[in-house]
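A structural walkthrough
Each chain is listed here by its residues.
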Amino acid sequence: MRLSDERIKSLQALIHKKYGLKLTDEQAQEAGLSIMRFVIAKATRKQELLKPMENNYGQSKTSK
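Residues numbered from 1 in each chain as written. Predicted model: local features only at pLDDT ≥ 70, side-chain atom pairs only at ≥ 80, totals over all residues. Heavy atoms only, no water.

A word on the overall build of the protein chain. Along the backbone of the protein chain there are two helices and zero strands. Total accessible area on the protein chain is roughly 6000 Å²; 57% of this is exposed by carbon and sulfur atoms. (Helix = DSSP H or I, 4+ residues; strand = E, 2+ residues; numbered from the N terminus. Areas by Shrake-Rupley, 256 points an atom, 1.4 Å probe, with all protein chains shown as cover.)

Mapped onto the secondary structure, Q29 falls in helix α2 (residues 25-58). A relative accessible area of 1% places Q29 in the buried class. Excluding anything up to four places from it in sequence, Q29 contacts M1, R2, L3 and I8. (Buried < 20%, exposed > 50% of the residue type's maximum accessible area, 1.4 Å probe, protein only. Contact = heavy atoms within 4.5 Å.)

The next subject is a nonpolar patch on the surface. Side chains of I35, F38 and V39 sit close together on the surface and give an oily, nonpolar patch of about 300 Å² of accessible area. By the element assignment, F38 lies in helix α2. (Patch = residues over 30% accessible without salt bridge, like charges linked within 9 Å, V, L, I, M, F, W, Y side chains within 5 Å. Salt bridge = Lys/Arg side-chain N within 4 Å of Asp/Glu carboxyl O.)

Our next topic: the pattern of salt bridges. All chains considered together, the criterion is met by two salt bridges. A salt bridge links E26 to R2; the nearest nitrogen and oxygen atoms lie 3.5 Å apart. On the criterion of sequence distance, the pair formed by E26 in helix α2 and R2 in the segment before α1 (5-19) is long-range, its members being 24 residues apart. On the basis of relative accessible area, E26 is assigned to the partly exposed category, the value being 40%.

Turning next to the nonpolar core. Residues L3, I8, L11, I15, A28 and L33 constitute the largest nonpolar core, which totals six residues. Among the secondary structure elements, those contributing two or more residues to this core are α1 and α2. The biggest single contributor to this core is α1, with three residues. Not counting the four nearest positions on each side in its chain, A28 is found in contact with L3, I8, L11, Q12 and L23. (Core = buried A, V, L, I, M, F, W, Y, C linked by side-chain atoms within 4.5 Å.)

Looking now at α1. Taking 1.5 Å of rise per residue, 15 residues should cover 21 Å, and α1 covers 21 Å from first to last C-alpha, within 8% of that figure. I8, L11, Q12 and I15 are the residues of α1 that are buried. Looking straight down α1, one finds that the buried residues subtend no more than 105° of arc, so they occupy a single side. Across from the buried face of α1, at angles greater than 90 degrees, the exposed residues are E6, L14, K17 and K18. Just past α1, the residue G20 takes up positive phi, approximately 75°. (Expected span 1.5 Å × (residues − 1). Arc of directions from axis to C-beta.)

Here you go:
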């Protein structure tokens, strides 16, 4: 997976504005993919934590 040139430029501008860093296209590509992996891992973890609660709501109180 690769980020589009437009996304790379947007990320470079954001990082430069926020942190004063000037990243190459390849550095921005790596940073963008790292951010995406982090967000996916965080969302997956949240879903895993919610599964037990969802399962408990589906059970009746008499079906123990």
